[in-house]
Amino acid sequence: MSFEQSGMSRRALLAAAAVLPLSAVAGRAEASAGRAGAPTTAQAYYDRAAKVAGRDPILQNIVKALTPGVSVPSPKAPKPLRIFDNVAVVSTGFVSATALLTSKGVILIDALGSPAEAEEVIVPDLRAVGVDPAQIKYVVVAHGHSDHFGGAQYLADRYKARVMMTAADWDLLAADPQPDAPKRDLVITDGQRLTLGDMTVTLHRTPGHTPGNVSPIFPVRWKGRRHTAMLWGGTQPPAATADKRTYLASVLSFAAQMKRAGVDVELNNHGACDQGLVRMEELRNGPAKGANPFVIGSARAQRFMQVMELMMRGRIATDLEANKPTTRPAAMTLAPAHTCC
């Protein structure tokens with residue numbers, strides 16, 4: 001393993017993004033609303049998001065997932081599948097774990113909701129697609145909700161996998177101890193690069209869903225062709241208006257990171273939020289012209305983030321229009337673990 005840090009200029013840029021939600025993002029939203037043709041109400045933002053989404057089912061799905069009052073459904077668990085030559089997905093239907101297959105072992109993004117799900121879903125499902133679970137070297141927990149970390153300690157104990165989470169979300173678990181929470185292990189820093197064998201994953205801190213939410217960018221292969229994937233680490237917005245502004249800043253900064261990296265693949269750890277489970281079945285059944293439905297192209301990936309931005313601006317405007325903007329508590333107010341993405 002190697003942990004490479006990017007240069008100071010990039011760190012400074014992202015540090016500025018961390019401040020953005022509390023001041024500049026709000027100002028930017030207001031300035032944007034003042035321009036001719038720009039949305040001025042929450043509904044106008046939602047309408048603009050729907051217009052950008054058009055008839056694209058992936059974008060339509062993220063509009064729905066970010067609509068106030070919508071909870072993530074729990075569809076039937078799909079059979080495991082290699083969605084790329086070097087990526088496998090195992091899922092309970094409600095939440096998924098993504099295995100990155102390298103020449104020196106497996107990096108697992110998320111660990112489902114419990115030791116039982118690790119034992120009864122992750123282990124046999126990986127074996128079913130030709131992956132040895134004993135080769136799991138790292139478990140990257142995208143955020144500190146139980147449906148993402150629940151099986152991590154089981155994998156650490158059984159296979160000696162190292163568990164990784166941001167300091168903010170390790171602290172979140174320490175402040176509110178939960179059953180099956182993993183023991184504090186490796187700390188993810190913003191922009192950190194995790195290298196295992198022939199793969200390097202860049203871990204971007206995208207706070208909002210939780211204080212330390214992480215969204216990785218990594219290379220994937222499909223029939224020998226290289227693509228670049230992102231996985232948005234936490235979809236459902238938090239309750240507090242100030243924390244929604246933090247989420248918005250993360251959307252803006254991560255979209256810029258995606259553009260720089262040339263991301264053309266969109267993934268989510270809740271496949272009901274982005275048509276991911278449907279796309280798994282399309283791929284399993286043989287996609288049209290052999291195209292991989294997870295390869296959406298760089299322009300479409302940017303539209304996905306634009307839809308998220310518009311929906312989040314709408315959620316902030318909804319709070320303000322209700323004249324009941326929630327105040328930021330000492331600890332970030334979070335959506336309940338089982339109604340979140």
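Structure first, text after, so check above.
Quick summary incoming for the structure in this document. Residue positions are given per chain, counting from 1 as you read along its sequence in written order. Predicted model: local features are reported for residues with pLDDT of at least 70 only, side-chain atom pairs are reported and counted for 80 or more only, and whole-chain, interface and lining totals are derived from all residues. Side-chain metrics rest on all non-hydrogen atoms present in the structure, leaving aside hydrogens and water.

**Focus on the overall build of the chain**
Logical step 1: Helix numbers and strand numbers start at the N terminus; a helix is a DSSP run of H or I with at least 4 residues, a strand a run of E with at least 2. Helix and strand counts for the chain come out as 11 helices and 13 strands.
Logical step 2: Residue contacts are counted whenever heavy atoms from the two residues lie within 4.5 Å of one another. Residue pairs at least 24 apart in sequence account for 68% of intrachain contacts in the chain once pairs closer than 6 positions are excluded.

**Some remarks on the sheet that holds strand β3 (residues 87–91)**
Logical step 1: Pairing between two strands is assigned when DSSP locates at least 2 bridges connecting them. The mixed open sheet is built from seven strands, whose spatial order is β2-β3-β4-β5-β6-β7-β8. The outermost strands of the open sheet, each flanked by one partner alone, are β2 (81–84) and β8 (186–188). Sheet twist, expressed as the average angle between the axes of neighbouring strands with direction ignored, equals 25 degrees.
Logical step 2: In this structure, strand β7 (residues 162–166) lies alongside β8, joined through three bridges in parallel fashion. Residue Met164 lies in a different strand from β8, and its bridge partner there is Leu186.
Logical step 3: Lying over the sheet, helix α5 (residues 115–128) contacts β3, β4 (96–102), β5 (105–109) and β6 (136–140), oriented at roughly 140 degrees with respect to β3.
Logical step 4: In the packing of helix α8 (residues 167–175) onto the sheet, contacts are made with β7 and β8, and the angle to β7 comes to roughly 100 degrees. Note on definitions: angles span 0 to 180 degrees between N-to-C directions of axes, and those axes are lines fitted to C-alpha atoms, for helices only across the stretch in contact.

**Some remarks on the environment of Met312**
Logical step 1: Here Met312 shows up in helix α11 (residues 298–321).
Logical step 2: Note on Met312: relative accessible area 0%, which makes it buried.
Logical step 3: With 266 residues separating them in the primary sequence, Met312 and Tyr46 have C-alpha atoms 8.9 Å apart.
Logical step 4: Residues contacting Met312, with those up to four places away along its chain left out, are Leu66, Pro237, Lys244, Tyr247 and Leu248. Throughout, exposure labels follow a simple rule: accessible area from a 1.4 Å probe, protein chains only, divided by the maximum for the residue type, with under 20% read as buried, over 50% as exposed, and the rest as partly exposed.

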